[in-house]
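# Summary of structural features
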Amino acid sequence: MKIVIANDHAAVSLKMEIMQYLQELGHEVVNIGTDVAERCNYPDFGERAARMVAAGEADCGVLICGTGVGISIAANKVKGIRAAVCSEPTTARLVKEHNNANMIAFGARIVGVEAAKSIVDAYLDAEFLGGRHAERVALIGEIEDRERGCGQSEM
Ligand code: RB5
């Protein structure tokens, strides 16, 4: 798989560990996060990674900031993105099976390296179940479409 990975300054070390882990698993990893400790803004990285996934330039994405929350909120502003914060593997499996999440996020201040690896494993090993879950994911897309129409008069 081609996986984009993005992070802010709070997650440089964990990003490096997870990037290497993904490469050892045989994935192609595109690192668009910061590699240095200077403060930066997680929305910039979340948006850029999300745009790559939305455009089909990556199969999925891994987002890491202090909590995983800020960078996932930013990514979720991009149409077609379903980024889910996961702090343990069960959630990581379910966000793929039920929500067809195309990005996962976690926090470098929340999970350690081994937990992060098990989250990534659970997500990558899972398959979207479709069926009733596909109907619900489609409803999420309809919310996006209504938002895009927001402020545009149809009269
Ligand atoms: C940076 O200090 C921190 O706010 C950021 O990494 C993240 O946790 C935000 O959600």
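See the structure printed just above.
A few points on the structure. On a predicted model such as this, the values are computed, not experimentally measured, just so you know. (Residues numbered from 1 in each chain as written. Predicted model: local features only at pLDDT ≥ 70, side-chain atom pairs only at ≥ 80, totals over all residues. Heavy atoms only, no water.)

Because the α-helix completes a turn every 3.6 residues, residues three or four places apart line up on one side. Helix length check: helix H1 (residues 12-24), at 13 residues, gives a terminal C-alpha distance of 18 Å against a target of 18 Å (1.5 Å per residue), a fit within 8%. Those residues of H1 not exposed but buried are Val-12, Leu-14, Lys-15, Ile-18, Met-19, Tyr-21 and Leu-22. Contacts made by the buried residues of H1 are with strand E1 (2-7), strand E2 (28-31), strand E3 (60-65), strand E5 (103-107) and helix H5 (113-125). Gly-26 sits one or two positions beyond H1 and adopts a positive phi of about 100°. (Helix = DSSP H or I, 4+ residues; strand = E, 2+ residues; numbered from the N terminus. Expected span 1.5 Å × (residues − 1). Buried < 20%, exposed > 50% of the residue type's maximum accessible area, 1.4 Å probe, protein only. Contact = heavy atoms within 4.5 Å.)

A word on unusual backbone geometry. In this structure, Asn-100 is a non-glycine residue whose phi angle is positive, near 50°. Within the secondary structure, Asn-100 sits in the loop between helix H4 (89-97) and E5. Exposure remark for Asn-100: the relative accessible area of 24% places this residue in the partly exposed category.

The subject of this paragraph is the site of the ligand. Around the ligand lies a shell formed by Asp-8, His-9, Ala-10, Tyr-42, Cys-65, Gly-66, Thr-67, Gly-70 and Arg-109. Between the ligand and Gly-70, the relevant distance is 3.0 Å, taken from an oxygen atom to a main-chain nitrogen or oxygen of the residue. Surface burial for the ligand is 73%, taken as the share of its 290 Å² of free accessible area covered by protein chains. A breakdown of the residues in the shell around the ligand according to their chemical character gives three nonpolar, four polar and two charged. (Near = heavy atom within 4 Å. Polar contact = N/O pair within 3.5 Å; in protein donor to acceptor, adjacent residues only side chain to side chain. Areas by Shrake-Rupley, 256 points an atom, 1.4 Å probe, with all protein chains shown as cover. Nonpolar A, V, L, I, M, F, W, Y, C, P; charged D, E, K, R; others polar.)

Attention now moves to the sheet that holds E3. Taken in spatial order, the five strands line up as E2-E1-E3-E5-E4 in an open sheet, and their pairing is parallel. Looking along the sheet, the strands with just one partner apiece sit at the ends: E2 and strand E4 (83-85). On average, each strand axis in the sheet is tilted by 25° relative to the strand beside it, whichever way the strands run. Direction of pairing for E1 relative to E2: parallel, over a ladder of four bridges. In the strand pairing of E2, Ile-3 is matched with Val-29. (Pairing = 2+ DSSP bridges. Axes fitted to C-alpha atoms, helices over the stretch in contact; angles between N-to-C directions.)

Counting 25 residues, the largest nonpolar core has Ile-18, Leu-22, Val-62, Ile-104, Phe-106 and Tyr-123 as its most contacted members. Contributing elements (two or more residues each) for this core: E1, H1, E3, H4, E5 and H5. The element best represented in this core is H5, accounting for six residues. Those residues in contact with Tyr-123 that sit more than four places away from it in its chain are Cys-60, Ala-92, Val-95, Lys-96, Ala-101, Asn-102, Met-103 and Ile-104. (Core = buried A, V, L, I, M, F, W, Y, C linked by side-chain atoms within 4.5 Å.)

Any two side chains of opposite charge can pair, on the condition that their charged atoms come close. Following the criterion strictly, the structure yields six salt bridges and no others. The salt bridge involving Asp-35 is made with Lys-15; its shortest N-O contact spans 2.8 Å. Residue Asp-35 is found in the loop between E2 and helix H2 (42-54), and its partner Lys-15 is found in helix H1; the two are separated by 20 residues along the sequence. The exposure class of Lys-15 is buried, given its relative accessible area of 0%. The salt bridge partner of Lys-79 is Asp-145, with a shortest N-O separation of 2.7 Å. Separated by 66 residues along the polypeptide, Lys-79 in the loop between helix H3 (69-75) and E4 and Asp-145 in helix H6 (residues 132-149) bring together distant segments of the chain. With a relative accessible area of 43%, Asp-145 lands in the partly exposed category. Several salt bridges converge on common partners, so that one network encompasses Lys-79, Glu-144 and Asp-145. (Salt bridge = Lys/Arg side-chain N within 4 Å of Asp/Glu carboxyl O.)

Turning next to a nonpolar patch on the surface. On the surface, Val-69, Ile-73 and Val-85 cluster together into a nonpolar patch covering about 210 Å² of accessible area. Mapping Val-69 onto the fold places it in helix H3. (Patch = residues over 30% accessible without salt bridge, like charges linked within 9 Å, V, L, I, M, F, W, Y side chains within 5 Å.)

Geometry only, nothing functional implied.
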